[in-house]
Amino acid sequence: MAATEKQTLGFQAEVKQLLNLMVHSLYSNKEIFLRELISNASDAADKLRYETIAKPELFESDPDLKIGVAFNKDARTITVSDNGIGMSRDEAVEHLGTIAKSGTREFFSQLSGDQQKDAALIGQFGVGFYSAFIVADKITVNSRRAGLPADQGVCWESDGTGEFTVETINKPSRGTEIILHLREGEDELLSGWQLKSIIRKYSDHISLPILMQKEEWDNDAKAMVMRDETETVNQASALWARNKADITEEQYKEFYKHVSHDFAEPMAYTHNRVEGRSEYTQLLYIPSRAPFDLWDRNQRGGIKLYIKRVFIMDDAEQLMPVYLRFVKGVIDSNDLPLNVSREILQESRDVKVIRDGSTRRVLGMLEELANAEEQEKKDKYASFWKEFGQALKEGIGEDHPNQERIAKLLRFASTHNDTDVENVSLEEYVKRMKEGQDKIYYITAENYTAAKSSPHLEIFRKKGVEVLLLTDRVDEWMLSFLREFDGKSLQSVAKGGLDLGKLEDEAEKKQHEETEAGYKELIDKMKTVLKEKAKDVRVTFRLTDSPACLVADEHDISGNLQRLMKSAGQKAPDTKPILEINPNHPLVQRLKYEDAKFDDWSHLLFDQALLAEGGGLADPAAFVKRINQMLLDGASK
Ligand code: ADP
Ligand code: MG
């Protein structure tokens, strides 16, 4: 659009909601607005520096990138300016009128309307530019994109209620100037001392100089007076390039908020300079909460790539495997060429070295939490698992070289726990295996309740053998890659024949064989009746309370996976389950002597076994009819 006249436009609905909520709920944190504006200015400088690698002329005659913070007591304004990339008119409309973040819709649909609860959520979402409306009742943004002529600047203005205006202006200097017209009562911000202390607290890590006009005590005037010179109020060096010993925990945390655009503190971080074949620095963070779109494997991740301190790109997904897409931070390479592209990154040996090294660092950071003695770290790992466990599980299939390390980090719900909390590790499981037990047993189901009350667990419960309860969608997929742990194979209790190995003694085995022989005739009859539904029918000793259950053949996919695939719209192989009946159950025992109703009883046994494992009946009406007939038969006796 070539319009130059002034236009009034409405904010995207979500922006209005965000503005409203933020102004009301973040007031006690209001000074963060400055951090957000400086963070944006720093990003804008990074973007310019990157574009100038190919087009040095974008520097115009102004190559020293910097950020300015100024205030005007009379006009009651605070101005944050930069000579970064700037915005065109269209960009201003788009970037300052809408939220481009992924997961925005999901986020807003979670809001409850309860201001306190929503305030906690808003922090998680990140506040950005709009946080300036906490202290300002009008904001003017003057900007010009690098490379555009002076007469194609833009003035964006809004009072933060529902609308904003844009107008084309003349702006000789490249970059952006943000003028906050302070709300009534915010005058304490109009002080050099106050602004400097906010900058030192939240923005010291910014690698560009942040300049303010120098103020000095004037003895004659008995007041602070402005001098003509400026001073740099932050350390103005890349935080990750500083010595670890010179960086405080607070600075690490504030830097995290800048790179991640997260409002909450990180859960853990690791900072290392790697020397050797490939030289690079990594500063990597694990967030404390999962983003709204963690499930989305197309999310590019949160690693910023720098080369010799020059920002190259956001979301450099080649630097971290997909299953660690939640890791945020900076990797600064000393070897890669400045003109590197995503395509080159894909191929580069150096990048592979960096990715492998960074992956190991992240796993190491997780191991340190997982294996810690201190309660605080243990709690952190539990919380990590709750937030990110699903993504980590993908690593079992994706990262073969680290599979064993990842397997040790897995946590499961278990029959040994009273709750659905996933806190049992495979190592712990192996440690308390029963004498004679040589397998790690698990069951997969749609949810915790279904898993825990599955009839397949009955014999294990009786023998006191632990079974892991798996209910995540990725579990079945993951298990197809994780065949064994610590030399012990993982065995589904709902697949194949029951093989308890040495958990069963000789006398038991002999008795089972005898019982089985007595049921041969019944089994044959049932096979004929159920030939459409069941692949096979057999006697089982895995049940103690239930009359029957279904199992999948050793090499078939489980009923649970079949249902998952169907619900995801995928084609699942149409394999039939095996019906197993419990010879010690009175219903099954009676069936031996049943004649007229034999077919109905057989179908009922099959159908209830299917229901018990969370399956859907092919013909529910027939099931109901049979049940009702049986109830009537019972009632008339
Ligand atoms: P975020 O920084 O997470 O992207 P913000 O709300 O802080 O979100 O900023 C929104 C967008 O506005 C930025 O992504 C950027 O495109 C644009 N923007 C904000 N401040 C500046 C600036 N000083 N220079 C150039 N673009 C800016
Ligand atoms: Mg921002």
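Just so you know, these numbers come straight off a predicted model, no measurement behind them. (Residues numbered from 1 in each chain as written. Chains lettered and ligands numbered in written order. Predicted model: local features only at pLDDT ≥ 70, side-chain atom pairs only at ≥ 80, totals over all residues. Heavy atoms only, no water.)

Caption draft 1: Representation of empty space enclosed by the protein in the model. Scanning the entire structure with this criterion turns up five cavities of 30 Å³ or more. There is about 80 Å³ of room inside the largest cavity. The element that contributes the greatest number of residues to the lining of the largest cavity is helix α7 (residues 249–260), accounting for three residues. Tallied by class, residues from the lining of the largest cavity come to seven nonpolar, four polar and two charged. Size it by volume and the second largest cavity reaches roughly 50 Å³. K439, Y441, F460, Q491, S492, V493, K495, G497, L498, D499 and R542 together form the lining of the second largest cavity. Counting only elements with at least two residues in the lining of the second largest cavity, the list comes to β16 (439–444) and β19 (488–492). (1 Å grid on protein atoms, 1.4 Å probe; cavity = no way out; pocket = protein on both sides within 12 Å on 5 of 7 lines; lining within 4 Å. Points joined across faces, edges and corners; volume = space filled by probe spheres on them. Helix = DSSP H or I, 4+ residues; strand = E, 2+ residues; numbered from the N terminus. Nonpolar A, V, L, I, M, F, W, Y, C, P; charged D, E, K, R; others polar.)

Caption draft 2: Summary view of the domain arrangement of the chain. Domains assigned within the chain are domain 1 (7–235), domain 2 (266–375), domain 3 (394–502) and domain 4 (508–635). Placing the centre of domain 1 and that of domain 2 at their C-alpha centroids yields a distance of 28 Å. Taken residue by residue, the interface counts 13 residues in domain 1 and 13 residues in domain 2. Counting the surface lost from both domain 1 and domain 2, the interface buries some 1100 Å², and carbon and sulfur atoms represent 59% of this. Where domain 1 touches domain 2, the interface holds one salt bridge. We note a salt bridge from D43 to K304, for which the minimum N-O separation is 3.6 Å. (Domains from an automatic or database assignment. Contact = heavy atoms within 4.5 Å. Buried area = accessible area lost by both parts, 1.4 Å probe. Salt bridge = Lys/Arg side-chain N within 4 Å of Asp/Glu carboxyl O.)

Caption draft 3: Molecular detail of the sheet that holds strand β4 (residues 136–144). Spatially, the nine strands line up as an open sheet ordered β1-β6-β5-β4-β7-β3-β2-β8-β9, and their pairing is mixed. Each edge of the open sheet carries a strand with a single partner, namely β1 (7–10) and β9 (223–232). Strand-to-strand twist in this sheet, taken as the mean axis angle between neighbours without regard to direction, amounts to 25 degrees. The pairing of β1 with strand β6 (residues 163–169) spans four bridges and is classified as antiparallel. If you follow Q7 over to β6, its bridge partner there is V166. Sitting on the sheet, helix α2 (residues 32–54) is in contact with β2 (67–72), β3 (77–82), β7 (175–182) and β8 (210–218), with an inclination near 20 degrees to β3. Of the strands in this sheet, β2, β3, β8 and β9 are in contact with helix α6 (residues 192–202), which crosses β8 at around 140 degrees. (Pairing = 2+ DSSP bridges. Axes fitted to C-alpha atoms, helices over the stretch in contact; angles between N-to-C directions.)

Caption draft 4: Representation of the side chain of D43 in the model. In this structure, D43 sits in helix α2. Excluding residues within four positions of it along the chain, D43 makes contact with H258, H261 and K304.

Caption draft 5: Examining the side chain of H603 more closely. With respect to the helices, strands and loops of the structure, H603 is situated in helix α20 (residues 598–612). In this structure H603 comes out as buried when scored by relative accessible area, which is 16%. Separated by 3.0 Å, the side chains of H603 and K533 make a polar contact. In this structure, H603 is in contact with V529, L530, K533 and R626, ignoring residues within four places of it in sequence. (Buried < 20%, exposed > 50% of the residue type's maximum accessible area, 1.4 Å probe, protein only. Polar contact = N/O pair within 3.5 Å; in protein donor to acceptor, adjacent residues only side chain to side chain.)

Caption draft 6: A look at the packing of aromatic side chains. Scanning all chains against the criterion turns up 18 aromatic pairs. Taking 4.5 Å as the distance between ring centres and 50 degrees as the angle between the ring planes, the aromatic pair formed by W240 and Y306 counts as tilted. Here W240, found in the loop between β9 and α7, pairs with Y306, found in strand β12 (residues 302–307); they are 66 residues apart in sequence, far enough to count as distant. Assigned by exposure class, W240 and Y306 land together as buried. Measuring from centroid to centroid gives 5.5 Å for Y381 and F384, while their planes differ by 35 degrees, and the two rings are tilted. Residue Y381 and its partner F384 are both found in helix α10 (residues 375–398); the two are separated by three residues, about one turn of the helix. The exposure class assigned to Y381 is buried, which follows from its relative accessible area of 3%. A relative accessible area of 0% means that F384 is categorised as buried. Cluster of aromatic residues (ring-pair linked, three or more members): F11, F129, Y130, W156 and F164. We note K525 situated over the ring of F598; from NZ or CZ to the ring centre the distance is 4.1 Å. Looking at K592, its charged tip hangs above the ring of Y519, at a distance of 4.3 Å from the centre. (Phe/Tyr/Trp six-rings, centres within 6.5 Å; stacked < 30°, edge-to-face > 60°. Lys NZ or Arg CZ within 6 Å of the ring centre and 35° of its normal.)

Caption draft 7: Representation of α20 within the structure. In this model, α20 (15 residues) spans 21 Å end to end at C-alpha, consistent with the 21 Å of a helix rising 1.5 Å per residue. Residues of α20 that are buried: F598, W601, S602, H603, L604, L605, F606, D607, A609 and L610. Looking at the buried positions of α20, the neighbouring elements they touch are α17 (520–529), β21 (548–551), α18 (559–567), β22 (578–581), α19 (586–591) and α21 (620–635). One or two steps after α20, the chain reaches G614, where phi turns positive at roughly 85 degrees. (Expected span 1.5 Å × (residues − 1).)

Caption draft 8: Summary view of the packing of α2 against α6. The interhelical angle for the contact between α2 and α6, taken along N-to-C directions, is 65 degrees, at an axis separation of 9 Å. Between α2 and α6, the angle falls in the class roughly perpendicular. Handedness of the α2/α6 crossing: right-handed. Together, I32, L34, R35 and I38 of α2 and L195, I198, I199 and Y202 of α6 make up the contact between the two elements. Along the lines of polarity and charge, the residues of the contact of α2 with α6 split into seven nonpolar, no polar and one charged. (Parallel < 35°, antiparallel > 145°, perpendicular 65-115°, else oblique. Left-handed = near helix turned anticlockwise from the far one by under 90°.)

Caption draft 9: Geometry of the site of ligand 1. Near ligand 1 the following residues occur: N40, A44, D82, M87, H95, L96, G128, F129, T176 and H261. Within the contact set of ligand 1, an oxygen atom lies 2.8 Å away from a side-chain nitrogen or oxygen of N40. Residue H261 places a side-chain N or O atom 2.5 Å away from an oxygen atom belonging to ligand 1. About the coverage of ligand 1: the protein hides 79% of its 530 Å² of free accessible area. Taken together, the elements giving at least two residues each to the shell around ligand 1 come down to α2 and α3 (89–97). Of the residues belonging to the shell around ligand 1, the class tally is four nonpolar, five polar and one charged. (Near = heavy atom within 4 Å. Areas by Shrake-Rupley, 256 points an atom, 1.4 Å probe, with all protein chains shown as cover.)

Caption draft 10: Focus on the pattern of salt bridges. A complete count under the given rule lists 45 salt bridges for this structure. Of the charged contacts, one joins R538 and E580 as a salt bridge, the two residues approaching to 2.8 Å between their closest N and O atoms. Here R538, found in strand β20 (residues 536–539), pairs with E580, found in strand β22; they are 42 residues apart in sequence, far enough to count as distant. Classification of R538 by relative accessible area gives partly exposed; the value is 22%. One salt-bridge network, held together by shared partners, links R35, E36, E249, K253, E254, K257 and E265.

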